[in-house]
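So the chains spell out like this:
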Amino acid sequence: MPVYRHIARLSLFGLVFAGPVTWAAQVQVAVITAPAAPRLAFDKDTLRNVYLKRIFVDGDGVKLAPVNLPADSPLRGIFTRVILHMSEQPLQDYWDKQYFQGVSPPYVLASDEAVVRFIAVTPGAVGYVASCHVDTSVHIVMLLPLPAGTAESGLCADHTGAP
Amino acid sequence: MSRHLHRPLVLGVIALVSAFCGVSRATDATDATDATNDHSWQPAPYSLGQGLYFPDQGLRIGGYADVHFFDLSGSKADSSLRDVSLFVTKDIGSRWQLFTELATSRTVNVTGAQNGGGGQAKVDVERVYADFHATPAITLRFGKFLTPIGEWNLVHADPLTWTVSRPLSTSAAFARHAAGAMAFGTVAVKGRDLDYWVFADDSKNLGVGQDADDAFTDYTGDHSPRNNFLHAFGGRVLYHLAGDSLAVGASFVTYQLEQPRHDYQLTGIDFTWTTRYVELTGEAIYRTGASPLSSERGGFVEAGIPIVSHLYLIGRIERYHTSVPETTTVVRTEALNYRPIPGLVLKLEHRNGRNGEIVPAGWLASISVLF
């Protein structure tokens, strides 16, 4: 979606050039892809269907590979609530049923850094990280504000240069 | 082993061999850190209920196993039914995926000491198909697959259902499997997701796994009619409302059964409503045909209520009318479903009702694991 991309580019520009204090105050959930983004209209509904494996390929036939953070990651909890609108048990039931259909849940990578490294070199991969972990090797397709009351400092604690 | 199993077994073996030999390397290596290493058979960490996954091969091997115990009117109390199913999923490039499910079941004596109390084990190719992801909204499937009528038939594995027994409305009037081609996917309609399935069956000529489809699980003996398709054409839609908390579906199929060989039309509706305190599901079907004896209709409503952590109380009422014999069966089912850890399910169930020739009253229990 052009508007999302425009906002995302402006936000990334701001993140890169803003000072550390300002940066920490603006942490968001960044949905990222390889520099050559999949040919999809990225909105919340599409992203949800990518992560629920209801959409398997993009408009060019490139296989989509959504990746998750570990189950105990606070950012994964936020992403699941905001995008998937499912709590833990219904989501477990959903994947059990999909497994019976031969569909696997998104692969899990250990950290935001691992997600960025993987996304940067994998066409069709889609991931989400705290925006403080984003660098120029990936493309932001969407930025999601953190829910009110989220402790932002923990989301960037392991990032070099984070306050 | 029945000679009827030879052809489906060959297809299953072809799928398995293709999967294991790796017709092509998966292109979606899922661990960037290992991209330069030769760890192509390094499995991902195993979790119960998710299968053994080899990311670099795009290969997943898993399945489920269950043991049913039953004490029903007209059955031997010391009998059990054991099922094992093996799934193999293999990605072929970015657009193709192979899937097969091989299943075996056996009725045995629970004590085991009597030796010879059981029936013969059967091996069936429950499903074998290739998926082609044509566009974001269309996937094409070729092979033998589950008939897309209602929700239960698509997720009928014991670890995935609330109860041991299966409602008649989910199997008695149509064949559980179809062999042919199907298109399915998800599209947005007015901002909400609509899942769709459209399929064409030619079981008469494709003849994949003809032995597998009983009209219903007959615990008291192998007397249930076989209701495989000869030909069929139909589809299903499922509309998601309020996120995924409410889904409403409708099905329509026109078909000819192998036995009795009549033409039928079947219309079905189904719903699932999930809240924090209860999950309500229901399905209903209405079948008609040229012969007045073709008419069958019925439906059920089922509620699952969490009572303590991982323990659920289930209640279900079903009404089903058949023309041959001319009878209406009403079945009430109460059950407990305990899921101590993901992948493991224990069930205890009691059912009774009126006109129980098809569905005898009594107790059922099962232990099942998704592995």
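Residues numbered from 1 in each chain as written. Chains lettered and ligands numbered in written order. Predicted model: local features only at pLDDT ≥ 70, side-chain atom pairs only at ≥ 80, totals over all residues.

### Some remarks on the overall build of chain A
Here comes step 1: The secondary structure content of chain A amounts to seven helices and five strands.
Here comes step 2: When the helices and strands of chain A are listed from N to C terminus, the series reads α-α-β-α-β-α-α-β-α-β-β-α.
Here comes step 3: Within chain A, buried positions represent 40% of all 163 residues. (Helix = DSSP H or I, 4+ residues; strand = E, 2+ residues; numbered from the N terminus. Buried ≥ 20, exposed ≤ 12 C-beta atoms within 10 Å, placed from the backbone.)

### Side note on the overall build of chain B
Here comes step 1: A tally of regular secondary structure across chain B gives two helices and 17 strands.
Here comes step 2: Sequence-distant contacts in chain B: of pairs separated by 6 or more residues, those separated by 24 or more amount to 57%. (Contact = placed C-beta atoms within 7 Å.)

### Some thoughts on the interface of chain B and chain A
Here comes step 1: Contacts between the two partners involve 32 residues from chain B and, on the opposite side, 30 residues from chain A.
Here comes step 2: Secondary structure elements with two or more residues in the side of chain B that touches chain A: strand S2 (59-72), strand S3 (79-92), strand S4 (96-109) and strand S7 (177-189) of chain B.
Here comes step 3: Each residue belonging to the side of chain B that touches chain A can be placed in one class, and the counts come to 13 nonpolar, 14 polar and five charged. (Nonpolar A, V, L, I, M, F, W, Y, C, P; charged D, E, K, R; others polar.)

### A look at the pairing of strand S2 (residues 65-68) of chain A
All names here are of chain A.
Here comes step 1: Alignment of S2 against strand S4 (residues 125-130), held across two bridges, turns out to be parallel. Bridging across to S4, Ala65 finds its partner in Ala125.
Here comes step 2: Note: S2 against strand S3 (residues 107-108), two bridges, orientation parallel. Across the sheet, the residue bridging to Val67 is Tyr107, located in S3. (Pairing = 2+ DSSP bridges.)

### Some details on helix H5 (residues 88-100) of chain A
Here comes step 1: Over its 13 residues, H5 of chain A extends 19 Å from the first C-alpha to the last, a length consistent with the 18 Å expected when each residue adds 1.5 Å.
Here comes step 2: Buried positions along H5 of chain A lie against S2 and strand S17 (362-370) of chain B. (Expected span 1.5 Å × (residues − 1).)

### A short note on the sheet that holds strand S5 (residues 139-145) of chain A
Residues and elements named next belong to chain A.
Here comes step 1: Here we have five strands laid out as an open sheet, ordered S3-S2-S4-S1-S5, and mixed in their pairing. Strands with a single pairing partner mark the edges of an open sheet, and in this sheet they are S3 and S5.
Here comes step 2: With respect to the sheet, helix H6 (residues 112-121) is in contact with strand S1 (28-33), S2 and S4, its orientation differing from that of S4 by roughly 150 degrees. (Axes fitted to C-alpha atoms, helices over the stretch in contact; angles between N-to-C directions.)

### Brief notes about unusual backbone geometry
Residues and elements named next belong to chain B.
Here comes step 1: Non-glycine residue Lys190 carries a positive phi angle of around 55 degrees.
Here comes step 2: The residue Lys190 is located in the loop between S7 and strand S8 (192-201) in this model.
Here comes step 3: A tally of 6 C-beta atoms within 10 Å means that Lys190 is categorised as exposed.
Here comes step 4: Backbone geometry places His310, a non-glycine residue, at a positive phi of 70 degrees.
Here comes step 5: Its place among the elements puts His310 in the loop between strand S13 (296-308) and strand S14 (311-323).

### What to know about helix H3 (residues 44-51) of chain A
Here comes step 1: The set of residues buried in H3 of chain A consists of Thr46, Leu47, Asn49, Val50 and Tyr51 of chain A.
Here comes step 2: Where H3 of chain A ends, the next residue or the one after it, Lys53 of chain A, has phi of about 60 degrees, a positive value.

### Observations regarding the environment of Val134 of chain A
Residue and element names in this part refer to chain A.
Here comes step 1: By the element assignment, Val134 lies in the loop between S4 and S5.
Here comes step 2: You can call Val134 buried: it has 24 C-beta atoms within 10 Å.
Here comes step 3: Separated by 13 residues in the primary sequence, Val134 and Pro147 have C-alpha atoms spaced 19 Å apart.

### Details of the pairing of strand S16 (residues 344-354) of chain B
Here comes step 1: Note that strand S15 (residues 326-338) of chain B and S16 of chain B share nine bridges and pair antiparallel. Bridge assignment links Tyr338 of chain B to a residue of S16 of chain B, and that residue is Leu346 of chain B.

### Quick notes on the nonpolar core
Across soluble globular proteins, nonpolar side chains have a tendency to be buried as a group.
Here comes step 1: Membership of the largest hydrophobic core comes to 39 residues, with the highest contact counts inside it found for Val31 and Ile32 of chain A.
Here comes step 2: Listed by contribution, the elements that provide at least two residues to this core are S1, H3, S2, helix H4 (74-84), H6, S4 and S5 of chain A.
Here comes step 3: In this structure, Leu98, Ala232, Tyr264 and Val331 of chain B belong to the second largest nonpolar core, which totals 34 residues. (Core = buried A, V, L, I, M, F, W, Y, C linked by C-beta atoms within 7 Å.)

### Quick look at the confidence of the model for chain A
Here comes step 1: Overall, the predicted model of chain A reaches an average pLDDT of 83, with 81% of residues at or above 70.
Here comes step 2: Predicted confidence for residues 12-24 of chain A stays below pLDDT 50, and this span has 15 contacts to residues more than four positions away or in other chains. (pLDDT = per-residue confidence, 0-100.)

### Re the confidence of the model for chain B
All names here are of chain B.
Here comes step 1: Considering every residue of chain B, the mean pLDDT works out to 84; 81% of them sit at 70 or more.
Here comes step 2: Low pLDDT, under 50, characterises residues 20-36; the predicted model gives this stretch 30 contacts beyond four residues in sequence or across chains.
Here comes step 3: For the stretch residues 111-117, pLDDT sits under 50, and the model shows four contacts to residues farther than four places along the chain or on other chains.
Here comes step 4: Here the predicted complex scores 0.84 on pTM and 0.84 on ipTM.

### Thoughts on the environment of Ala130 of chain B
All names here are of chain B.
Here comes step 1: Residue placement: Ala130 occurs in strand S5 (residues 122-135).
Here comes step 2: Spatially, the C-alpha atom of Ala130 lies 31 Å from that of Ile367, the residues being 237 residues apart in sequence.
Here comes step 3: If sequence neighbours within four positions are ignored, Ala130 has contacts with Trp96, Leu98, Phe142 and Gly143.

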